[in-house]
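Listed here are the chains, written in short residue letters.
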Amino acid sequence: MNDEFPRVAVINVVALSQRTLAQMPQLNKWAQSQQCSSFKPAFPAVTCTAQATYVTGLLPEFHGILGNGWYNRTMAEVQFWKQSDKLVHGEKIWETLKKQLGNRFTCAKLFWWYNMYSQVNWSMTPRPMYPADGRKIFNIYTQPMDLANVVQHDLGNFPFPYFWGPAAGAPSSRWIVQAARWTEEKYKPSLSLVYLPHLDYDLQRFGPEDPRSKPALEEADNLAMELVYFYQQRGVIPLVVSEYGITPAKRNLALNRIFRSKGWISIRRELGHDMLDCGASRVFAVADHQTAHIYLNDLTLKNEVLRLLDNEPMIAELRVANLDSLPPTTAERCADIIAVAQPDAWFSYYFWDDDKNAPDFARCIDIHRKPGYDPAELFIDPTLKLPQFRIAQFLLKKKLGFRALMEIVPLNGDLVRGSHGSDLVDEMDQPMCIAPPGTPTISAATNVRDCILSLFGLSAPIGDK
């Protein structure tokens, strides 16, 4: 084994596709000197599943990440956006590289998901603090533990409101770029995994071809190329990858409302609000962008559910899981039926039949309590009068120690104009990999790991697993 080996930086530009690359002149020009591949996304084409596929080289049924969240059948709870790396099964790429290259190999994992407790040398991920008095304090979780204080001392606090919510935008990616540069200059990792999230936000708000998305595209172009040039100047091989493309959307489907009309959903009243009781429901759906994971507590309803959904025009395809053929942990997480939306549609989690009965968290930014993904959190309700005053009032109450809800999120999914999750997409909307010339062509999401390994001079079969 040589004393030296290449160093690599994988820059994950979320929502990069041929369609968006054409609107990013700097990255597009650089890509022409590289080897570009568009490939069928992991299914579902969502962040957690895609990233787990890339770092393991395994299909979701083997690494176990079947979406951004799922129903925990044992605890009878929907759990979204968990962060422990131990949820991902299979050998991760940094573990493989350390085996092959020895302890001289180091890895920095910067805002890629399932970040906590991963066996990398340096990691950073968003992680608020929740004191017992009800406050929510923005922060990041890092390994080593004191890294959070050191990096935020040097760069300023991570701009958490720009990472998710109505203010979500380029400042989050801008801070992560600076953190990536800071990490490289301080530690020189052998492999850097860098996540640039912000392009995803406006493409979901406005759609991928709406003029209002242009500033986000320009900023993504600038930030991606800033990192590419920075790494190249330091002798690091840059590889640009994405998880999915965004397709235009104009309608949403709330399957839980349909199931409620059939009497299959169990609703309990809490302090005047409707609450979905998954454990007591006969059938319910966990919404995740363009996929809906349908769980059957009453298997006798399976054929009736299939007939009902087969007649729903917003559903493009139904996929029925064979749980007996899956590894036990995956089978525990997997839905009985997965619905895939039409290209211009997505699934909302809504289960109440009157907005007056919506749960108190529905109008809040609350990614963990909602039984499904809610892109309406990217908006301030346009029907609100003086929304900035409401936000200021909320912040003042919290500062004074009072309990308060920041109820600014609309209950109208039709505001959302872009989505992802389906693997039934045109090549123009597939994820991409921009790699050095001569790198093996990527034809599937499972190939990304092997492509990275090849940059370290390690041979690995390119093919579906």
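Preceding this section is the structure that the text describes.
Residues numbered from 1 in each chain as written. Predicted model: local features only at pLDDT ≥ 70, side-chain atom pairs only at ≥ 80, totals over all residues. Heavy atoms only, no water.

## Focus on the packing of helix 7 (residues 170-187) against helix 9 (residues 214-233)
A pair of packed helices is captured by two measures, namely the crossing angle of their axes and the spacing between those axes. Running from N to C, helix 7 and helix 9 cross one another at 5°; their axes reach a closest spacing of 10 Å. By the angle class used here, helix 7 and helix 9 are roughly parallel. Facing A170, S173, R174, V177, Q178, A180, R181, E184 and E185 of helix 7, the residues of helix 9 in contact are E219, L223, E226, L227, F230 and Y231. When the residues that make up the contact of helix 7 with helix 9 are grouped by side-chain class, the tally is seven nonpolar, two polar and six charged. (Axes fitted to C-alpha atoms, helices over the stretch in contact; angles between N-to-C directions. Helix = DSSP H or I, 4+ residues; strand = E, 2+ residues; numbered from the N terminus. Parallel < 35°, antiparallel > 145°, perpendicular 65-115°, else oblique. Contact = heavy atoms within 4.5 Å. Nonpolar A, V, L, I, M, F, W, Y, C, P; charged D, E, K, R; others polar.)

## Observations regarding the packing of aromatic side chains
This model, assessed by the stated rule, comprises 27 aromatic pairs. Both rings, one in F158 and one in W175, keep their centres 5.2 Å apart while their planes meet at 75°; by these two values the pair is edge-to-face. Remark: W175 occurs in helix 7 and F158 occurs in the loop between helix 6 (147-155) and helix 7; sequence separation between them is 17 residues. Pair check on accessibility: F158 and W175 agree, each one buried. R319 extends its terminal NZ or CZ atom over the ring of F43, reaching a point 4.1 Å from the ring centre. (Phe/Tyr/Trp six-rings, centres within 6.5 Å; stacked < 30°, edge-to-face > 60°. Buried < 20%, exposed > 50% of the residue type's maximum accessible area, 1.4 Å probe, protein only. Lys NZ or Arg CZ within 6 Å of the ring centre and 35° of its normal.)

## What to know about the pairing of strand 6 (residues 122-126)
Among the five residues that make up strand 6, five are buried, leaving the element largely enclosed by the rest of the structure. Side chains of strand 6 alternate between two faces, with W122, M124 and P126 and S123 and T125 buried alike. The pairing of strand 5 (residues 107-110) with strand 6 spans three bridges and is parallel. Counterpart to L110 in the pairing with strand 6 is M124. As judged from the four bridges shared by strand 6 and strand 7 (residues 140-143), these two strands associate in the antiparallel manner. Bridge pairing in strand 7 places S123 opposite Q143. (Pairing = 2+ DSSP bridges.)

## Examining the sheet that holds strand 2 (residues 35-38)
Across the sheet, which stays open at both edges, the eight strands sit in the order 2-20-9-1-8-5-6-7 with mixed pairing between neighbours. Only two strands of the sheet have a single neighbouring strand rather than two, namely strand 2 and strand 7. Going across the sheet, the axis of each strand differs from the next one's by a mean of 15°, ignoring polarity. The sheet strands contacting helix 6 are strand 6 and strand 7, and the helix crosses strand 7 at an angle near 115°.

## Observations concerning the sheet that holds strand 16 (residues 315-320)
The four strands lie next to each other as 14-15-17-16, forming an open sheet whose pairing is antiparallel. Whereas interior strands pair on both sides, the edge strands pair on one side only; in this sheet they are strand 14 (283-288) and strand 16. Shown here is a sheet whose adjacent strand axes are inclined to one another by a mean of 20°, direction ignored. Inspection of the sheet shows strand 15 (residues 291-296) paired to strand 17 (residues 337-341) by four bridges, in the antiparallel sense. Bridged to I294 within strand 17 is I337.

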